[in-house]
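# What the coordinates show
Now for the letters of each chain:
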Amino acid sequence: MNSAQLHQRFLLSSGACTDTRKINKNCIFFALKGGNFNGNEFAAEALQNGARYAVVDEKEFALEDDERFILVKNSLESLQKLAIFHRNYLEIPILAITGSNGKTTTKELLYAVLSRKFRTVATKGNLNNHIGVPLTLLSMDEETEFGIVEMGANHLREIEFLCSIANPDYGYITNFGKAHLEGFGGVEGVIKGKTELYKHLQEQNKLIFLNIDDEIQRKHHNYKHTFSFGMSRLADVRLSYLQGQPNAQLLFNDTKFNSKLTGSYNATNMAAALCIGLYFKIKFNDIREAIEEYSPQNNRSQLIESGNNTIIMDAYNANPTSMHAALENFNNLQTSKQKIAVLGDMFELGDAAPTEHQVIVNFIENSKISETYLLGENFKKTHTSNDFIFKFKDIEALKTHLQESNFENCYFLIKGSRGMALERVLDSIKKSR
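Residues numbered from 1 in each chain as written. Predicted model: local features only at pLDDT ≥ 70, side-chain atom pairs only at ≥ 80, totals over all residues. Heavy atoms only, no water.

### Thoughts on the pattern of salt bridges
Under the counting rule described, the total for this entry stands at 17 salt bridges. In this structure, Arg116 and Asp286 form a salt bridge, with 3.8 Å as the shortest nitrogen-oxygen distance. Of the two residues, Arg116 is situated in the loop between helix H4 (103-114) and strand E8 (120-122) and Asp286 in helix H12 (residues 284-293); the sequence distance between them amounts to 170 residues. Residue Arg116 is classed as partly exposed on the basis of its relative accessible area of 31%. Of the residues examined, Asp286 reaches a relative accessible area of 22% and is grouped as partly exposed. In this structure, Lys399 and Glu396 form a salt bridge, with 3.8 Å as the shortest nitrogen-oxygen distance. In this pair, Lys399 and Glu396 both sit in helix H16 (residues 395-404), three residues apart, roughly one turn of the helix. Given a relative accessible area of 47%, Glu396 falls into the partly exposed group. (Salt bridge = Lys/Arg side-chain N within 4 Å of Asp/Glu carboxyl O. Helix = DSSP H or I, 4+ residues; strand = E, 2+ residues; numbered from the N terminus. Buried < 20%, exposed > 50% of the residue type's maximum accessible area, 1.4 Å probe, protein only.)

As C-alpha cells, this is what we get:
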C-alpha cells in the first residue's frame, strides 16, 4: 500500500497512534519496534481497544481475512512517508524550532501568540524526534491554519532528516549550547547539527527568524530571507532586556513585557515570540497578553510558593549551558532569603562530563548560594573543600535530608537532567520540619 492509499484510510480515521495505552477510537495504530518491544505483537490488541486500522510490517501478525490489518514493508517508514504526504496535502505554513535550550518554552510561547490569530497546532510534550515529528504533523487537520514543529536531535543529520519530513516554511534556532556533546562530538558539532535547519530553509528559499545578538546566528544575516530581533540596530525588531526578578522581562516600544517565567535567560524566548508574532501581523496587545498570560508547566521555569519558602522548579532537563545560566540567575537574585540549590547530574556529555560537572561546582564555590545539594554519579566525583556543598548517594538519602531539615524563609533552585527526575524532591521540601 502506497502513501496515497494509506492517506485515504488515514482521513477516515481519528488520527495516528503508536501506543496501545493511548488508543483513540477509530485511530490508525502503527506497530513500531524498539530495542525491547515489537509493536506488531500488540496490533490485535489495538484493534480490540478501538483502533480502526493496524499497520504492521510482519506478515504473521496480519490476518488475511481482516482488512483492518495493513501490511507494509516497514511501519516506521510508512508513518514517516504518510506524514510527508499529509503535510503536502494540508499546504499550511509550518514553523520549525530547534536549539540546545529553551525550544519547548519558546514553542509554547509561540503557540500562545500565534493562536491569537490562527488555528494553530504545535508539538505536544517532547514529541520532537523521528517518531514525534510525524505524529505532530498527523495531528493537524483541514481546520489547522498554522503548524509549529519542535525538532530535537543528539546527532548530526537528525535535523536534516526531520526537515525532509516537515518541510518547514519558517525556522528558528533558540541557541547553541553544551547539550548532547557525546552524540554531536563537541560544541562545533552542536552548531553544525542545529544549523541544518537554516541550511534547509536557505536551500528552499524560505524564511529564517534570527536572534541577531547571537554571534553564531548573525552569520546568517546576509541571507536575504531573514527577520531578526535583538538589541542591535540591525534588528528588524529592536528591543531591550530588563533585569526582572525573579521573572523575565523585556522592553519594546516603551512597553514592558512581564512574564511568569523565572530566569532572565527566558527573556530571549519571549523576544522570539514577540518577533514572530509581529512578523505575522498579530495585534500588538494580543502578543503582549499571550506572552504575559503564559504559565509554565512540566517543571520548566516554574515558580512555586510553599509557606514562606520559594522554589524555582526547573527540573525538566539540564546541560552545562542551561545549568550555568540557571545558577547565574539564581546567584544574582536580590532576596533576603537563604539560597539553596538542589542539582542533579547532566547527561549525554561523554568525555566532557567530569570537566563540565567540576566547572559547575567551581562556580558554586564562588557564589552567594548558601547551601548546595548534589545528586548523581558525575557530581559525586567532583572535588570541593566547601563545607556547604553536600553530596548524596541516592534520591532517597536526599529526600530524607530535606524532610528532616527545618527550612524557613529559603529560596530553592531545583535543576537536573530529565533522567534525574528531581521533581521527586519537591514534596520533601514542602514537608520539611
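### Structural notes on the UniProt feature "binding site: ATP" (unreviewed entry) in the protein
The feature "binding site: ATP" (unreviewed entry), as given by UniProt, occupies Gly99, Ser100, Asn101, Gly102, Lys103, Thr104 and Thr105 in the numbering adopted here. With respect to the helices and strands, Lys103 occurs in helix H4. Each residue touching Lys103, except ones within four places of it in the same chain, is listed here: Ile97, Thr98, Asn128, Glu150, Met151, Gly152 and Thr174. With respect to the helices, strands and loops of the structure, Thr104 is situated in helix H4. Take Thr104: its relative accessible area is 10%, and that puts it in the buried class. (UniProt positions renumbered as here; feature names shortened; annotations may be inferred. Contact = heavy atoms within 4.5 Å.)

### A word on the UniProt feature "domain: Mur ligase central" (unreviewed entry) in the protein
Per the UniProt annotation, the sites labelled "domain: Mur ligase central" (unreviewed entry) are residues 97-276. When the span residues 97-276 is considered, its composition is 34% helix and 24% strand, and the gap between its end C-alpha atoms is 12 Å.

### Some details on unusual backbone geometry
Positive phi is not limited to glycine here, since Ser301 has a value of about 50°. On the secondary structure map, Ser301 appears in the loop between H12 and strand E17 (302-306). Phi at Asn409 takes a positive value of approximately 55°, unusual for a residue other than glycine. As for its placement among the helices and strands, Asn409 is situated in the loop between H16 and strand E22 (410-415). Residue classification places Asn409 among the partly exposed positions, given a relative accessible area of 33%.

### Details of H12
Taken together, the buried positions of H12 are occupied by Ile287, Ala290 and Ile291. Buried residues of H12, seen end-on, are gathered within an arc of 95° and therefore sit on one face of the element. Where H12 is buried, its residues contact H4, strand E16 (255-262) and helix H11 (267-279). (Arc of directions from axis to C-beta.)

### Concerning the nonpolar core
Side chains of a nonpolar character, in soluble globular proteins, are inclined to be buried together. Ranked by internal contacts, the top residues of the largest apolar core, which has 100 residues, are Leu95, Leu137, Phe209, Leu274, Ile291, Leu327 and Leu343. Apart from the residues within four sequence positions on either side, Phe209 is in contact with Leu95, Tyr170, Gly171, Tyr172, Tyr198, Gln217, Phe227, Cys275, Ile276, Tyr279 and Phe280. Counting residues in hydrophobic clusters, the runner-up holds 21 residues, among them Met313, Leu398, Val425 and Ile429. (Core = buried A, V, L, I, M, F, W, Y, C linked by side-chain atoms within 4.5 Å.)

### Points about the environment of Leu109
Along the polypeptide, Leu109 turns up in helix H4. Classification of Leu109 as buried rests on a relative accessible area of 0%. Placed 64 residues apart in sequence, Leu109 and Ile173 show a C-alpha to C-alpha distance of 14 Å.

### So, the side chain of Lys103
An unpaired buried charge is present at Lys103: no salt bridge exists, and Glu150, the closest side chain of opposite charge, is 4.9 Å distant. Side-chain polar atoms of Lys103 contact the backbone oxygen of Gly99, separated by 3.0 Å. (Lys, Arg positive; Asp, Glu negative; His and termini not counted. Polar contact = N/O pair within 3.5 Å; in protein donor to acceptor, adjacent residues only side chain to side chain.)

### Observations concerning the sheet that holds strand E20 (residues 371-375)
An order of E17-E18-E22-E19-E20-E21 is seen for the six strands of this open sheet, with the pairing classed as mixed. Two strands close off the open sheet at either side, each with one partner strand: E17 and strand E21 (389-392). Each strand of the sheet is rotated relative to its neighbour by a mean of 20°, with strand direction disregarded. One ladder, built from five bridges, connects E17 with strand E18 (residues 309-313); its direction is antiparallel. Each residue of the ladder has a partner; that of Ile304, found in E18, is Ile311. Strands strand E19 (338-344), E20 and E21 of the sheet are contacted by helix H14 (residues 353-365), whose axis makes an angle of about 145° with E21. (Pairing = 2+ DSSP bridges. Axes fitted to C-alpha atoms, helices over the stretch in contact; angles between N-to-C directions.)

### Here we look at the pairing of E19
Within E19, six of the seven residues are buried, which leaves it mostly tucked inside the rest of the structure. Across six bridges, the pairing between E19 and E22 is parallel. Bridge pairing in E22 places Val342 opposite Ile414. Following the chain from E19 across H14 to the adjacent parallel E20, one finds a crossover that is right-handed. (Right-handed = clockwise from strand over helix to strand, strands pointing away.)

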